[in-house]
Amino acid sequence: MKNTTPIQSEAFKVSGFQRTSILIICLLLYMINFMDRQVLSAVLEPMKLDLKLTDTQAGILQTAFFLSMAILGIPASYLVDRWSRRKTMSLIAIIWSGFTYITGLGRSFLGVLLPRIAVGVGEAGFPAASTAMLTAVYPKESRSRILGIFNIAIPLGSALGAMLGGYLSARHGGWRTPFFVFAVPGIILGILAFFMKDYKTVAAIDEKGQKTGFWSTIVTLFKIPTLRWVYIGYAMDRAMVFAFAAWGGAFVMRAQGVSEAKAGMILGLTALTGIIGTPIGGLLADWWQKKNGKGRSFAPILASSATAVLLCLALLLDLKGPGLVLVAIFGVFAVIGIPAVNSISQDVVSPGLKGISWGMAGVVTMVCGAAWSPSAVGIISDSLGGGAFGLKAALMMMSLLGIIACFCFWKGSRHYPKDMEKVQGYVLESER
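Residues numbered from 1 in each chain as written. Predicted model: local features only at pLDDT ≥ 70, side-chain atom pairs only at ≥ 80, totals over all residues. Heavy atoms only, no water.

### Overview of the overall build of the chain
- Across its full length, the chain carries 21 helices and 0 strands.
- Its C-alpha atoms give the chain a radius of gyration of 20 Å, near enough to 22 Å, the size a compact globule of 432 residues would have.
- Its C-alpha atoms put the chain at 60 × 40 × 35 Å along the principal axes.
- Every one of the 432 residues in the chain was classed for burial, and the buried ones make up 62%.
- Excluding contacts between residues fewer than 6 apart, the proportion of contacts in the chain whose partners are at least 24 apart in sequence is 84%. (Helix = DSSP H or I, 4+ residues; strand = E, 2+ residues; numbered from the N terminus. Rg over C-alpha atoms; globule rule 2.2 N^0.38 Å. Buried < 20%, exposed > 50% of the residue type's maximum accessible area, 1.4 Å probe, protein only. Contact = heavy atoms within 4.5 Å.)

In structure tokens, the structure reads:
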């Protein structure tokens, strides 16, 4: 793809207060997003017993959620670029929060499955909208650092979802309570997002200088070698991490015989350590990029390899003693690569494709691995007789995907500098 016609757009100038407000609202909404994702994992075992589900059905609940995100991910991301970032964020936050509440009302497998699918539909466009917004209001030199701060929401939301979800389930009315509680802040923040300052929609231009449509936009993305490899690498990496996020709590309960409250604390600790992982990853990515034209690619390569090894060792020790320390370190490395991958998806496309570029990363991630890994773990566990052993074996198999992710990120790094050069003429005022 060779882009030669600069984007003609109104300057997008924001004050320091407006910039900080956008970051805070986006970060808090993303945190709620992950709380609503992780809460199911925290209460999966008591829900499974209450609704009399098999491991396979429990895994399907997670897979259906992620697939719904994938199916709506591209249309939602396209809407972000062609309509409005703030309006899209506001709308989808209210949608996913409303269906989070309805999930708590479920009385059967389908009664939980259908609203859970709707939650995924609502969450589909948020990462694309928030990423496009943040990379517009902050300069490109600090892109990975800012996205590192923003992505603190992932471990923080995951930790709160697991810890608070487990606590509310065990002490305040059962597994339904967390769904009711977590719905409220999402609706409030969704309303606040509507009033953020937004930049004027920018046309997406192809190599001939023509505006691109929906399908031609998707084709344009996959013509970029860096994105092809990064998308697949991220899919393999997230499949490994999502498998543990979905089943880690249930594994702890089976292996150690503890309640969902204690399992949620252990799982939450794993996620909480990631709070230092995302800013470290962002800083490392920007630092490496100054030293080397491929620098940002080094962070996900390091992260995927370390995550795979740490997960295997922690599982072998049943997350007890030294195993608990290892899984805490696993939480750090599981998110170190995210700011870099996020930045790379923005570095190699024009402003008119920023939203859909990250949205496509989410879709490929779900379709090519992450959406299926919870079901795969459930199926493998059932085939091995279930219990702690079945889950352990299945989760260890998933860790092998981290090695595949390393290879893909390495392949993408070979094209990254050249692909960045092709879009240097496309900048918003705030990036100059």
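This is not the end of the story, as more comes after the structure.
### A short note on the pattern of salt bridges
- Under the criterion given, the structure shown has 9 salt bridges.
- The partner of R254 in a salt bridge is E45, with the nearest N and O atoms 3.7 Å apart. Of the two residues, R254 sits in helix α11 (residues 225-256) while E45 sits in helix α2 (residues 44-51), which places them 209 residues apart along the sequence.
- Note that R238 is salt-bridged to D237, the shortest N-O span being 2.6 Å. In this pair, the class of R238 matches that of D237, namely buried. (Salt bridge = Lys/Arg side-chain N within 4 Å of Asp/Glu carboxyl O.)

### Notes on the environment of G120
- Structurally, the position occupied by G120 is in helix α5 (residues 109-123).
- In sequence terms G120 and M35 are 85 residues apart; their C-alpha atoms lie 13 Å from each other.
- Those residues in contact with G120 that sit more than four places away from it in its chain are F65, S68 and M69.

### A word on a nonpolar patch on the surface
- The grouping of L79, W83, L91, I95, F99, Y101, I102 and L105 at the surface amounts to a nonpolar patch, some 690 Å² of accessible area in total.
- For the nonpolar patch, the element with the most residues is helix α4 (residues 85-103), which contributes 5 residues. (Patch = residues over 30% accessible without salt bridge, like charges linked within 9 Å, V, L, I, M, F, W, Y side chains within 5 Å. Areas by Shrake-Rupley, 256 points an atom, 1.4 Å probe, with all protein chains shown as cover.)

### What to know about the packing of helix α13 (residues 274-291) against helix α14 (residues 295-316)
- Where α13 contacts α14, the two axes come as close as 6 Å, and the packing angle between them is 140°. Taken together, the axis directions place α13 and α14 in an arrangement best described as oblique. The handedness of the crossing between α13 and α14 comes out as right-handed. Seen from α13, the contacting residues are G281, A285, D286, W288 and Q289; seen from α14, they are G295, R296, F298, A299 and L302. (Axes fitted to C-alpha atoms, helices over the stretch in contact; angles between N-to-C directions. Parallel < 35°, antiparallel > 145°, perpendicular 65-115°, else oblique. Left-handed = near helix turned anticlockwise from the far one by under 90°.)

### Describing helix α16 (residues 338-347)
- Here α16 lies mainly inside the structure; 10 of its 10 residues are buried.
- For α16, every residue scored as buried is listed here: I338, P339, A340, V341, N342, S343, I344, S345, Q346 and D347.

### Digging into the nonpolar core
- Membership of the largest hydrophobic core comes to 117 residues, with the highest contact counts inside it found for M47, F150, W247 and L319.
- For this core, the element with the most residues is α11, which contributes 18 residues.
- Leave out the neighbours within four places in its chain, and F150 touches L23, C26, L27, Y30, F126, S130, T131 and L134. (Core = buried A, V, L, I, M, F, W, Y, C linked by side-chain atoms within 4.5 Å.)

### Remarks on the packing of helix α12 (residues 260-272) against helix α15 (residues 322-336)
- Contact geometry for α12 and α15: axes closest at 6 Å, N-to-C directions at 45°. Of the possible angle classes, the one that applies to α12 and α15 is oblique. In this structure, α12 contributes I266, L269 and T270 to the contact, and α15 contributes L324, V327, A328, F330 and G331.
- For the contact of α12 with α15, the per-class residue count stands at 6 nonpolar, 2 polar and no charged. (Nonpolar A, V, L, I, M, F, W, Y, C, P; charged D, E, K, R; others polar.)

### Here we look at the environment of P155
- Tracing the chain through its elements places P155 in helix α8 (residues 153-171).
- When the C-alpha atoms of P155 and G277 are compared, they prove to be 8.6 Å apart, with 122 residues separating the residues in sequence.
- Each residue touching P155, except ones within four places of it in the same chain, is listed here: A271, L272, G274, I275, T278 and V335.

### Re unusual backbone geometry
- Even without a glycine there, the phi angle at K52 is positive, about 60°.
- Looking at where K52 falls in the secondary structure, it is placed in the loop between α2 and α3 (55-82).
- The residue L319 is not glycine, and still its phi comes out positive at about 60°.
- With respect to the helices and strands, L319 occurs in the loop between α14 and α15.

### A word on the side chain of T278
- With respect to the helices, strands and loops of the structure, T278 is situated in helix α13.
- Judged by its relative accessible area of 0%, T278 is buried.
- Within polar-contact distance, the side chain of T278 engages the backbone oxygen of G148 at 3.1 Å.
- If sequence neighbours within four positions are ignored, T278 has contacts with G148, N151, I152, P155, V335 and P339. (Polar contact = N/O pair within 3.5 Å; in protein donor to acceptor, adjacent residues only side chain to side chain.)

### Describing the packing of aromatic side chains
- In total, this model carries 15 aromatic pairs according to the counting rule given.
- Consider the rings of F194 and F195, whose centres lie 5.5 Å apart with planes at 85°: the pair is edge-to-face.
- Overall, the relative accessible area of 37% leaves F194 in the partly exposed class.
- By relative accessible area, F195 is classed as exposed at 64%.
- Through a chain of ring-to-ring contacts, three or more aromatic side chains come together here, namely Y30, F34, W96, F126 and F150.
- Between the NZ or CZ atom of R19 and the centre of the ring of Y138, over which it lies, the distance is 5.5 Å. (Phe/Tyr/Trp six-rings, centres within 6.5 Å; stacked < 30°, edge-to-face > 60°. Lys NZ or Arg CZ within 6 Å of the ring centre and 35° of its normal.)

### So, the confidence of the model for the chain
- In this model, the chain carries a mean pLDDT of 84, and residues with pLDDT of at least 70 account for 91%.
- A low-confidence stretch, residues 1-11 stays under pLDDT 50, and its non-local contacts, those more than four residues away or across chains, total 27 contacts. (pLDDT = per-residue confidence, 0-100.)

### Overview of α15
- End to end, α15 covers 22 Å across 15 residues, agreeing with the expected 21 Å (1.5 Å per residue, within 8%).
- Of all the residues in α15, the buried ones are G323, L326, V327, A328, F330, G331, V332, A334, V335 and I336.
- On its buried side, α15 packs onto α8, α11, α12, α13, α14 and α16. (Expected span 1.5 Å × (residues − 1).)

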